[in-house]
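Next come the chains, spelled out residue by residue.
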Amino acid sequence: MNPQALLIFTMSLLLGSSTVISANHWIMAWAGLEINTLSILPLISKTHHPRAVEASTKYFLVQAAASTLLLFSSMTNAWFTGQWDITQLTHPMSCIMLTAAISMKLGLVPFHFWFPEVLQGSSPMTSLLLATAMKFPPTVLLILTSPSLNYTLLSLMAIASTALGGWMGLNQTQIRKILAFSSISHLGWMTIILIYNPKLTLITFYLYSLMTAAIFFTINITNTLKLSTVMTAWTKIPSLTAMLMLTLLSLAGLPPLTGFLPKWLIIQELTKQELTVTATVMALLSLLGLFFYLRLAYCATITLPPNSTNYMKHWQTDKSVNTPAAVLTMLSIMLLPLSPMIMTTP
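Cut-offs and rules
Note on numbering: residues in each chain are counted from 1, in written sequence order. Only residues with pLDDT of 70 or above have their local features reported here, since the model is predicted, and side-chain atom pairs are shown and tallied only from 80 upward, although totals for entire chains, interfaces and linings are computed over all residues. Neither water nor hydrogens contribute to the side-chain values; these are computed over all heavy atoms in the structure. In this text, helices come from DSSP runs of H or I with a minimum length of four residues, and strands from runs of E with a minimum of two, each type numbered from the N-terminal end. Two things to know: the radius of gyration comes from C-alpha atoms, and the globule rule equals 2.2 Å times the number of residues to the power 0.38. A simple rule labels every residue: compare its accessible area, found with a 1.4 Å probe on the protein chains alone, to the largest value its type can have, and call it buried under 20%, exposed over 50%, or partly exposed in between. We call two residues contacting when some pair of their heavy atoms lies within 4.5 Å. The charge count includes Lys and Arg as positive and Asp and Glu as negative, but it does not include His or the ends of the chains. Here the site of a charge means NZ on Lys, CZ on Arg, CG on Asp, or CD on Glu. UniProt positions are given in the numbering used here, feature names are shortened, and annotations may be inferred rather than shown by experiment. Here an axis means a line fitted to C-alpha atoms, over the contact stretch when the element is a helix, while the angle between two N-to-C directions is reported on a 0 to 180 degree scale. Our angle categories are set so that under 35 degrees counts as roughly parallel, over 145 as roughly antiparallel, 65 to 115 as roughly perpendicular, and the remainder as oblique. Working rule for handedness: look at the near helix, and if it is turned counterclockwise from the far one by less than a right angle, call the crossing left-handed; if clockwise, right-handed. Any residue that is not Ala, Val, Leu, Ile, Met, Phe, Trp, Tyr, Cys, Pro, Asp, Glu, Lys or Arg is counted as polar, Gly included; the first ten are nonpolar and the last four charged. Note on terminology: a nonpolar core comprises buried Ala, Val, Leu, Ile, Met, Phe, Trp, Tyr and Cys residues joined through side-chain atoms within 4.5 Å. Either an automatic procedure or a domain database provided the assignment from which the domain bounds are taken. Salt bridges are identified by distance alone: a Lys or Arg side-chain nitrogen within 4 Å of an Asp or Glu carboxyl oxygen.

## Focus: the overall build of the chain
And step 1. Looking only at helices and strands, the chain has 16 helices and zero strands in total.
And step 2. For the chain, the C-alpha radius of gyration of 20 Å lies close to 20 Å, the compact-globule estimate for 346 residues.
And step 3. The principal-axis extents of the C-alpha atoms in the chain amount to approximately 75 × 50 × 35 Å.
And step 4. Within the chain, the fraction of its 346 residues that count as buried is 53%.
And step 5. Here the contacts in the chain between residues at least 6 apart in sequence split such that 78% fall between residues at least 24 apart.
And step 6. Side chains of the chain give 15 positive and 7 negative charges; the mean places of these two sets differ by 13 Å.

And the structure:
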């Protein structure tokens, strides 16, 4: 892609996200989301592969439908209450329509069908943007309107997302699809705690973005897009592949890695709110995700391809010095000691 065009699209993405985050009027928030959608479309279809064109078409249709529903929700609220302020969404029908619109934007169950297909048709770096940066503005809108939303509906969608994200990821062989279902599962964890502690939703989103970025940078460096090629990655960069295993286990939520922190805090908060059954169900459903993370980690580090000749493993030097991947990987493994500081912040 032309560097000038890439710069324009990247700046537009920053502009759109900043507009949504700083807006207090629904029209401004809607405009920011539209700028985001139109900016990411050329990045998805830049390879000109039929799969990429299909992914960008699906993304456009779903996001356009979600934006329309969001605009209709805010107009309905303004019609009944006279309020265009984002935090003043009080009409019940508007709240339900907004929940559906944001769920379509994020890929929450039952509006999740587009997300794995779009990620599969995009390049690893574009997939990283779709799984992290593009989900931040809708998450902010969800947090701003959380006091007005229906908790029963959000809880059902959250539990369904965690269950389906874990269940559908079990039989996948494409890494981008596995990470897409991982994203759906993590969205369930963010949504379940949204009304009781929105700060925890943001912490979970930040740490999820950190760990997912580390994995996408790693698969971009090693050029591995499916399980069969992950098995050969060990001979290219043994150290990075070993760190990939730890990052995957962190994303699964195993202590003493960073990914354990948000799940621990969410289960603790749910228990404080006397939602012990919900906390137990969420903890059990996370075992589904643990299985396919362990399978990925097993393929990456323990399985070696059959080879009849003895040879010395060569270290790959041309791409091995990658500062973002190194920094993100270390952060996604070693941030758990910060948990007392996070827990004591007001």
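## Digging into the environment of Leu-225
And step 1. When you line up the elements, Leu-225 lands in the loop between α10 (198-222) and α11 (227-230).
And step 2. Residues Leu-225 and Ser-122, 103 residues apart in the sequence, show an inter-C-alpha distance of 11 Å.
And step 3. Those residues in contact with Leu-225 that lie beyond four places of it in its chain are Pro-124, Gln-174, Ile-175 and Arg-176.

## Some remarks on helix α7 (residues 136-144)
And step 1. Judged by how many residues are buried, α7 sits mostly within the fold: eight of nine residues are covered.
And step 2. Those residues of α7 lying buried are Phe-136, Pro-137, Pro-138, Thr-139, Val-140, Leu-141, Leu-142 and Ile-143.
And step 3. For α7, the elements touching its buried residues are α1 (3-22), α2 (26-44), α3 (50-81), α4 (92-106) and α10.

## Some details on the UniProt feature "signal peptide" (unreviewed entry) in the chain
And step 1. With numbering matched to this structure, UniProt assigns "signal peptide" (unreviewed entry) to residues 1-23.
And step 2. A helix fraction of 87% and a strand fraction of 0% characterise residues 1-23, whose end C-alpha atoms lie 32 Å from each other.

## Considering the packing of α1 against α2
The relative placement of two packed helices comes down to the angle between their axes together with the axis-to-axis distance.
And step 1. Where α1 contacts α2, the two axes come as close as 8 Å, and the packing angle between them is 155°. In this view, α1 runs roughly antiparallel relative to α2, as classed from their interaxial angle. Relative to α2, α1 is oriented so that their crossing is left-handed. Taken together, the residues of α2 that come into contact with α1 (itself represented by Leu-6, Phe-9, Ser-12, Leu-13, Leu-15, Gly-16, Ser-17, Thr-19 and Val-20) are Met-28, Ala-29, Gly-32, Leu-33, Ile-35, Asn-36, Ser-39, Ile-40, Pro-42 and Leu-43.
And step 2. Class assignment of the residues belonging to the contact of α1 with α2 gives a composition of twelve nonpolar, seven polar and no charged.

## Notes on the environment of Met-134
And step 1. Within the fold, Met-134 resides in the loop between α6 (124-131) and α7.
And step 2. The class of Met-134 is buried, set by a relative accessible area of 8%.
And step 3. Sequence separation between Met-134 and Thr-303 is 169 residues; the distance between their C-alpha atoms is 34 Å.
And step 4. Setting aside anything within four residues of it in sequence, one finds Met-134 in contact with Leu-13, Asn-36, Thr-37, Ile-40, Tyr-59 and Leu-129.

## A few points about the side chain of Ser-17
And step 1. Turning to its location among the elements, Ser-17 is positioned in helix α1.
And step 2. The residues touching Ser-17, leaving out its near neighbours within four places in the chain, are Asn-36 and Pro-137.

## Brief notes about the nonpolar core
Soluble globular proteins tend to pack their nonpolar side chains together in the buried interior.
And step 1. Counting residues in hydrophobic clusters, the biggest one holds 94 residues, and the most contacted among them are Tyr-59 and Leu-141.
And step 2. Taken domain by domain, the makeup of this core includes at least three residues from each of domain 1 (1-122) and domain 2 (150-345).
And step 3. Beyond its immediate sequence surroundings of up to four residues, Tyr-59 is in contact with Thr-37, Ile-40, Leu-41, Ile-44, Trp-114, Val-118, Leu-130 and Met-134.

## What to know about the pattern of salt bridges
And step 1. Tallied over the full model, the rule gives two salt bridges.
And step 2. In this structure, Lys-58 engages Glu-54 in a salt bridge whose closest nitrogen and oxygen atoms are separated by 2.8 Å. Separated by four residues within a single helix, Lys-58 and Glu-54 lie in helix α3, roughly one turn from each other.
And step 3. When its relative accessible area of 30% is taken as the criterion, Lys-58 is described as partly exposed.
And step 4. By relative accessible area, Glu-54 is classed as partly exposed at 36%.
And step 5. Note that Glu-117 is salt-bridged to Lys-177, the shortest N-O span being 3.3 Å. Of the two residues, Glu-117 sits in helix α5 (residues 114-120) while Lys-177 sits in helix α9 (residues 175-192), which places them 60 residues apart along the sequence.
And step 6. Here Lys-177 falls in the buried class, since its relative accessible area comes to 18%.

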